[in-house]
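# Structure at a glance
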Amino acid sequence: TAVNALLPHVLSEAPRAVFDADALNAIAGDSALQILLAARASKGQQTVLTPHPLEAARLLGSDTATTVQSNRLAAARALAVRFQSVVVLKGSGSIVAAPDATPLINLSGNARLATGGTGDVLAGMIGASMAAGSDALAASRAAVWRHGALADGCPTDRPLSASALATGSC
């Protein structure tokens, strides 16, 4: 796929990167990509991974119920250490973990964030903050909280859409 063709270059060269969805699945299925991902930190490259529980399980080579959902904090921490990256484990009480920091459990947000595309909005918010100069951990913590707070502020009498969430117009 196109993602698999681009990932080696991006993993090797990008000074800052956020990986979500298809990129995470490609990395989970390719040990060479996993090595490139883990090596980024030693080169001063900042990385954020934003898996949902199934993607996290794939990256850990396990299953969702046993490894991820039974202990979300441990799963997020294991991913952060293994890949030397900031990890945002999405879900109820999204967790932000880094290899050398205490994990944070985010309390903003609601079940409507399971709507298709809202994770893309979160990845974009993190990437935008990193592009503006924030480090990966600070960008992730702030974006996860803001993403949830925006969803919490959306009226419950109409569906939440990713585009409304992104523009703050819900």
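Overview of the structure.

Cut-off values and rules
Residues numbered from 1 in each chain as written. Predicted model: local features only at pLDDT ≥ 70, side-chain atom pairs only at ≥ 80, totals over all residues. Heavy atoms only, no water. Helix = DSSP H or I, 4+ residues; strand = E, 2+ residues; numbered from the N terminus. Rg over C-alpha atoms; globule rule 2.2 N^0.38 Å. Buried < 20%, exposed > 50% of the residue type's maximum accessible area, 1.4 Å probe, protein only. Contact = heavy atoms within 4.5 Å. Areas by Shrake-Rupley, 256 points an atom, 1.4 Å probe, with all protein chains shown as cover. Lys, Arg positive; Asp, Glu negative; His and termini not counted. Charge placed at Lys NZ, Arg CZ, Asp CG, Glu CD. Pairing = 2+ DSSP bridges. Axes fitted to C-alpha atoms, helices over the stretch in contact; angles between N-to-C directions. Disulfide = S-S within 2.5 Å.

### Overview of the overall build of the chain
Across its full length, the chain carries nine helices and five strands. When its helices and strands are written in sequence order, the chain yields α-β-α-α-β-α-α-α-β-β-β-α-α-α. Relative to the compact-globule value of 15 Å for 170 residues, the chain shows a C-alpha radius of gyration of 15 Å, a close match. Among the 170 residues that make up the chain, the fraction classed as buried is 42%. Look at the contacts in the chain between residues 6 or more apart in sequence, and 57% of them connect residues 24 or more apart. As displayed, the chain has an accessible area near 7,900 Å², and 57% of this comes from carbon and sulfur atoms. Both charge centroids of the chain, one from 12 positive and one from 11 negative side chains, sit 4 Å from each other.

### Some thoughts on the sheet that holds strand β5 (residues 101-105)
The mixed open sheet is built from five strands, whose spatial order is β1-β2-β3-β4-β5. A strand with exactly one partner marks an edge of an open sheet, and here the two such strands are β1 (16-19) and β5. Here the average twist between neighbouring strands, direction ignored, is 15 degrees. Pairing analysis gives two bridges linking strand β2 (residues 46-49) to strand β3 (residues 86-89), with the strands arranged parallel.

### A look at the pairing of strand β4 (residues 95-98)
Of the two faces of β4, the one lined by Ile95 and Ala97 and the one lined by Val96 and Ala98 are each fully buried. Pairing geometry for β3 and β4, over three bridges, is antiparallel. Paired with valine 87 across the strands is alanine 97, a residue of β4. The hairpin formed by β3 and β4 contains five residues between the paired strands, and glycine 91 there has a positive phi angle of roughly 140 degrees. Judged from the three bridges that link them, β4 and β5 form a sheet pairing that is antiparallel. Within the sheet, the bridge partner assigned to alanine 98 lies in β5 and is alanine 101. Hairpin geometry of β4 and β5 is characterised by an intervening segment of two residues between the two adjacent antiparallel strands.

### Details of the state of the cysteines
One pass over the full model with this rule turns up one disulfide. Put simply, cysteine 154 and cysteine 170 are joined by a disulfide, and their sulfur atoms are 1.6 Å apart. On the sign convention where negative is left-handed, the bridge of cysteine 154 and cysteine 170, at about -50 degrees about the S-S bond, is left-handed. Of this pair, cysteine 154 sits in the loop between α8 (136-152) and α9 (162-167) while cysteine 170 sits in the segment after α9, and the two are 16 residues apart along the sequence. On the accessibility criterion, cysteine 170 (22% relative accessible area) is partly exposed.

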